[in-house]
Amino acid sequence: MADESASPVTRRAVLAGVASVTGFATLLVRRAEATPEMMRAAIHRLIGEQPVRKGKVTLDIPPLVENGNTIAMSVAVESPMTATNYVKAIHVFNEKNPQPDIISVHLGPRAGKAAFSTRIRLADSQNVVAIAEMSDGSLWSDTVEVIVTIAACLEYN
Amino acid sequence: MARTLINVPPKAKRGQTIEIKTLISHVMETGYRRNETGVAIPRDIINLFVCTYNGTEIFRADLHQAIAANPFITFFTVATESGTLEFRWTDDNGQVETASAKITVE
């Protein structure tokens, strides 16, 4: 048998190569989805470091959806919606889509009712978070865990 | 650019909160899909929706790729005076689509 140390392709080099390729592949897969950290960063970017309390916000989204390409979602916030006490904005985030933002809506006292609805896409089963920004600067949130059986975004034509 | 569908009550009492429903046909291409030959399809989404009531902004939404194709948005406003509600959608290519609806407030 030939001297192993003289051979240009050593067992160690092969193992190191395999390890780095696997690592690279994992990195590529990860890159396509927002992680909870990315969601936190997105929340931080939009609303800063202030504390967010649970309550006042109702995020209405089915807990089990078959098709992630279109999911009815509505958000309602408890607020009198007067000139001095109203909801300024409502932001919705997700954990595992390629991008953590879903929608940000900006309202004022003229809305009369702090609520909206739309249809969203979810790439995977994950938590969806809605955060309401009040006129006094306080922040309130609601989180819903959604199970998706057919994911959006990842399918080919 | 696209077809729109707006639902605003034609008549309302002063001070009444009314619901507004809007729909626009748009692919909302995420930029993450590939075609049959493996080439990435460029991102093309509506990223901004604004509603004004007699010229005053009453609702604005920043949309992202997680909004489903043919964006459907409903929201509320207080009927303050007779006039026009204008709706404006802007997409990644800078194309703008507008629609408007009249309301009579008694």
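All residue numbers refer to position in the chain's written sequence, counted from 1. Labels are handed out in written order, letters beginning with A for the chains and numbers beginning with 1 for the ligands. Where totals are concerned, whole chains, interfaces and linings use all residues; where local detail is concerned, this predicted model gives features only for residues with pLDDT of at least 70, and gives and counts side-chain atom pairs only at 80 or more. Hydrogens and waters are ignored; side-chain quantities use all the structure's heavy atoms.

Asker: I would appreciate a short explanation of the overall build of chain A in the present structure.
Answerer: Secondary structure summary: chain A contains two helices and nine strands in total. Ordered by position from the N terminus, the helices and strands of chain A form the series α-α-β-β-β-β-β-β-β-β-β. The cut-offs for exposure are 20% and 50% of the maximum accessible area for each residue type, with area from a 1.4 Å probe on protein chains only; residues under the lower value are buried, those over the upper are exposed, and the others partly exposed. Within chain A, the fraction of its 157 residues that count as buried is 39%. Whether two residues are in contact is decided by their heavy atoms, any of which lying within 4.5 Å being enough. Within chain A, contacts between residues separated by at least 24 positions form 68% of all contacts whose residues are at least 6 apart in sequence. Counting from the N terminus, the helices are DSSP H or I runs at least four residues long and the strands are E runs at least two residues long.

Asker: Looking at this model, I keep getting lost on the sheet that holds strand β2 (residues 57-60) of chain A. Mind explaining?
Answerer: Consider a sheet: its strands pair through backbone hydrogen bonds, and that pairing is either parallel or antiparallel. Should DSSP find at least two bridges between two strands, the strands are taken to pair. Spatial ordering of the open sheet is given by β2(A)-β4(A)-β7(A)-β6(B)-β3(B)-β1(B), a layout of six strands whose pairing is antiparallel. At either margin of the open sheet sits one strand with a lone partner, and together these are β2 of chain A together with β1 (4-7) of chain B. Here the strands of the sheet are splayed against their neighbours by 15 degrees on average, with no regard to which way each runs. In terms of strand pairing, strand β3 (residues 17-24) of chain B meets strand β6 (residues 72-78) of chain B through seven bridges, oriented antiparallel. Bridging across to β6 of chain B, Glu19 of chain B finds its partner in Phe76 of chain B. Between N-to-C directions, angles span 0 to 180 degrees; the directions come from axes that are lines fitted to C-alpha atoms, helices contributing only their stretch in contact.

Asker: What's the story with the side chain of Glu95 of chain A in this structure? I'm lost.
Answerer: All names here are of chain A. Among the structural elements, Glu95 can be located in the loop between β5 (87-94) and β6 (101-106). It is Lys96 that comes nearest to the buried, bridge-free Glu95 among opposite-charge side chains, at 5.4 Å. Excluding residues that lie within four positions of it along the chain, Glu95 makes contacts with Ala34, Thr35, Pro36, Met39, Gln126 and Asn127. Under this rule, positive means Lys or Arg and negative means Asp or Glu; His and the chain ends count for nothing. Every case where a carboxyl oxygen of Asp or Glu lies within 4 Å of a side-chain nitrogen of Lys or Arg is listed as a salt bridge.

Asker: What is the right way to look at the packing of aromatic side chains in this model?
Answerer: Each aromatic ring pair is characterised by the separation of its centres together with the angle its planes make. Put simply, two rings from Phe, Tyr or Trp (the six-membered ring, in Trp's case) pair if the centres are within 6.5 Å, and we call them stacked under 30 degrees between planes, edge-to-face over 60, tilted for the rest. As enumerated under the stated definition, the model contains six aromatic pairs over all chains in all. Residues Phe49 of chain B and Phe87 of chain B carry aromatic rings whose centres are separated by 6.4 Å and whose planes lie at 15 degrees to one another, so their mutual orientation is stacked. With a gap of 38 residues between them, Phe49 of chain B in strand β4 (residues 46-53) and Phe87 of chain B in strand β7 (residues 83-91) connect regions that are remote in the sequence. The interplanar angle of 5 degrees and the centroid separation of 4.1 Å between the aromatic rings of Phe59 of chain B and Phe75 of chain B together place this pair among those described as stacked. Of this pair, Phe59 of chain B sits in strand β5 (residues 56-63) while Phe75 of chain B is found in strand β6, placing the two residues 16 residues apart along the sequence. Note on Phe59 of chain B: relative accessible area 0%, which makes it buried. Put simply, the rings of Phe49, Phe59, Phe75, Phe87 and Trp89 of chain B touch in pairs and so form one group of aromatic residues. One cation-aromatic arrangement involves Arg110 of chain A over Tyr53 of chain B; the distance from NZ or CZ to the ring centre is 5.0 Å. Charge-over-ring contacts are defined here by two conditions on Lys NZ or Arg CZ: a distance within 6 Å of the ring centre and an angle within 35 degrees of the ring normal.

Asker: Explain the pattern of salt bridges here, please?
Answerer: If charged atoms from side chains of opposite charge come close, those side chains can pair. Residues and elements named next belong to chain B. Taken as a whole and assessed by the stated rule, the structure comprises six salt bridges over all chains. The residue Arg33 makes a salt bridge to Glu29 at a minimum N-O spacing of 2.9 Å. Take Arg33 and Glu29: they sit in the same class, and that class is buried. A salt bridge links Asp92 to Arg43, with the shortest nitrogen-to-oxygen separation between them at 2.8 Å. With a gap of 49 residues between them, Asp92 in the loop between β7 and β8 (96-105) and Arg43 in the loop between β3 and β4 connect regions that are remote in the sequence. Relative accessible area serves as the criterion here: at 37%, Arg43 is assigned to the partly exposed category.

Asker: Please clarify how the interface of chain B and chain A should be interpreted in this entry.
Answerer: Interfaces are frequently sized by the accessible area removed from exposure as the parts join. Counting from both sides, the interface comprises 34 residues of chain B and, opposite them, 28 residues of chain A. Put simply, buried area is how much 1.4 Å-probe accessible surface two parts lose in total, over both of them, once they are put together. Roughly 2700 Å² of surface becomes buried between chain B and chain A when both sides are summed, with 50% attributable to carbon and sulfur atoms. If you sort the residues of chain B by the area they bury against chain A, Tyr32, Ala66 and Phe76 of chain B come out on top, with a joint share of 21%. By the criterion applied in these results, polar contacts are pairs of N or O atoms within 3.5 Å in which, for protein atoms, one can donate a hydrogen and the other can accept it, and in which residues neighboring in sequence qualify only through two side-chain atoms. Summed over the shared surface of chain B and chain A, the result is 17 residue pairs in polar contact (both at pLDDT 80 or more). Listed by contribution, the elements that provide at least two residues to the side of chain B that touches chain A are β3, β5 and β6 of chain B. Here the side of chain B that touches chain A is built from residues that sort into 19 nonpolar, ten polar and five charged. In this sheet, β5 of chain B lies alongside β6 of chain A in antiparallel orientation, the contact comprising four bridges. If you follow Val105 of chain A over to β5 of chain B, its bridge partner there is Ala61 of chain B. Amino acid classes used here: Ala, Val, Leu, Ile, Met, Phe, Trp, Tyr, Cys and Pro are nonpolar; Asp, Glu, Lys and Arg are charged; the rest, including Gly, are polar.

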